[in-house]
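Structural description and commentary
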Amino acid sequence: SMRKLVLKVSRDTRANTSSMLSDFRAGRPTEIEAINGWIASEGRRLGVSCLLNECLADAVRKQTQFSSFERLEDHIAQALSLHGQ
């Protein structure tokens, strides 16, 4: 089943580090625009709110302001709370 496959892949790859995380940690540009930035842009074009994608893309764009993921998570949580999410 799909559930079993997802669980197996999750277990098998739990020690992996994603390319975006590696880029983020190294202060390199990430593929955030091609993923979350595109979703946010399409949402705006279609009149659909994609606030989480917008907040995530914004936070990663500003990655130099964050010394850790905890600070990044705080930024996202604050942005969402300002919009009542």
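Being a predicted model, the structure only gives us computed values, none of them experimental.

Rules used in this analysis
- Residues numbered from 1 in each chain as written.
- Predicted model: local features only at pLDDT ≥ 70, side-chain atom pairs only at ≥ 80, totals over all residues.
- Heavy atoms only, no water.
- Helix = DSSP H or I, 4+ residues; strand = E, 2+ residues; numbered from the N terminus.
- Buried < 20%, exposed > 50% of the residue type's maximum accessible area, 1.4 Å probe, protein only.
- Contact = heavy atoms within 4.5 Å.
- Areas by Shrake-Rupley, 256 points an atom, 1.4 Å probe, with all protein chains shown as cover.
- Arc of directions from axis to C-beta.
- Axes fitted to C-alpha atoms, helices over the stretch in contact; angles between N-to-C directions.
- Parallel < 35°, antiparallel > 145°, perpendicular 65-115°, else oblique.
- Left-handed = near helix turned anticlockwise from the far one by under 90°.
- Nonpolar A, V, L, I, M, F, W, Y, C, P; charged D, E, K, R; others polar.

Now for the overall build of the protein chain. Assigned secondary structure in the protein chain consists of five helices and zero strands. The order of helices and strands in the protein chain, counted from the N terminus, is α-α-α-α-α. Out of the 85 residues in the protein chain, the part that is buried amounts to 27%. At a minimum sequence separation of 6, the contacts of the protein chain that also span at least 24 residues come to 41%. By element, 55% of the accessible surface of the protein chain is carried by carbon and sulfur atoms, the whole surface being about 6,300 Å².

Another point: helix H3 (residues 33-46). Here H3 has its buried residues at Asn 36, Gly 37, Ala 40 and Gly 43. Projected down its long axis, H3 shows its buried positions confined to an angular sector of 120°, all on one face. Those residues of H3 that are exposed and angled more than 90 degrees off the buried face are Ala 34, Trp 38, Arg 45 and Leu 46. If you follow the buried residues of H3, they end up packed against helix H4 (51-61).

Now for the packing of H3 against H4. Running from N to C, H3 and H4 point in directions that differ by 135°, and their axes come no closer than 8 Å. The pairing of H3 with H4 is recorded here as oblique in orientation. Every pair of crossing elements has a handedness; the one defined by H3 and H4 is left-handed. Facing Glu 33, Asn 36, Gly 37, Ile 39, Ala 40 and Arg 44 of H3, the residues of H4 in contact are Asn 53, Glu 54, Leu 56, Ala 57 and Arg 61. Across the contact of H3 with H4, the residue classes break down as four nonpolar, three polar and four charged.

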